[in-house]
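These are the residues of each chain, in order.
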Amino acid sequence: MLEVQTTTEGNIAGVLSLARQIRFAAVAAATATVKEAQQNVIAAIKETFITRNPWFEPANRLGIHFKPATLEDPSAELSTSAYFLIPHEEGALKSAHDGQFLAIPTEEIRPDIHQQIPRAKLPRNLQDAFIIKTARGPKLFQRINHELRMVYNLVREVKVRKQSTVIQPTIDTFQNRYLVNFKTKLQEALRTAK
């Protein structure tokens, strides 16, 4: 009778439960990556737009939210209800919602494009303002220091420049960080396997 004895060293529990550990690592990596994507999207919004309030924060209704991955559903999800970002994501045409025209501010109203327009200088709040129809379309004028100044161009629609602050930063984050996070989470899962 032949008797064979073998000795094994290392993490046998990790190897025996490898399929389960890979799934756990994939779920943990997806959740870690979507959290990073959330922060990158918020940073992109802050860098790209003039924000009047912190609507983009996760605690707000329109904020940037994420759904973590679970073992039952290993997909993670980033979402927002900020409908006004859609034209910027797609580079679409923007049309007037409430009135006939969109009001595009001139340098008279906003000399620095990165500054917020004060409420008193929004079109509906201007004192002594009126529309003049010109050969280049209607313009909103106001008397400023006894001089007539054009303060807004009035247009029916405008092409919004494509500036992705949600989709592209999320794609970039997953392309750059998911495998790094997966490797880290798999190593942790194998190390702690029982």
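For the structure, check the block above.
Taken residue by residue, a regular strand's side chains alternate between the two faces of the sheet. Strand 6 (residues 137–144) sits mainly inside the fold: six of its eight residues count as buried. As paired strands, strand 5 (residues 129–134) and strand 6 are joined by six bridges and run antiparallel to one another. Looking across to strand 6, one finds that Ala129 is bridged to Gln142. Adjacent in sequence and paired antiparallel, strand 6 and strand 7 (residues 147–155) are bridged by two residues, among which Asn145 carries a positive phi angle near 50 degrees.

This paragraph deals with the pattern of salt bridges. On inspection of all chains with the given rule, the structure shows four salt bridges. Residue Arg177 is joined to Glu36 by a salt bridge in which the shortest nitrogen-to-oxygen separation is 2.7 Å. Of this pair, Arg177 sits in helix 4 (residues 167–192) while Glu36 sits in helix 2 (residues 18–48), and the two are 141 residues apart along the sequence. According to the relative accessible area criterion, Arg177 is partly exposed, its value standing at 31%. Between Arg149 and Glu108 there is a salt bridge; the shortest N-O distance is 2.9 Å. Linking Arg149 in strand 7 with Glu108 in the loop between strand 4 (102–105) and strand 5, this pair joins segments that are 41 residues apart in sequence. Taking relative accessible area as the criterion, Glu108 reaches 33% and is therefore assigned partly exposed. Salt bridges here are not isolated pairs; linked through shared partners, they connect Glu108, Glu147 and Arg149.

The rules we used
Residues numbered from 1 in each chain as written. Predicted model: local features only at pLDDT ≥ 70, side-chain atom pairs only at ≥ 80, totals over all residues. Heavy atoms only, no water. Buried < 20%, exposed > 50% of the residue type's maximum accessible area, 1.4 Å probe, protein only. Helix = DSSP H or I, 4+ residues; strand = E, 2+ residues; numbered from the N terminus. Pairing = 2+ DSSP bridges. Salt bridge = Lys/Arg side-chain N within 4 Å of Asp/Glu carboxyl O.

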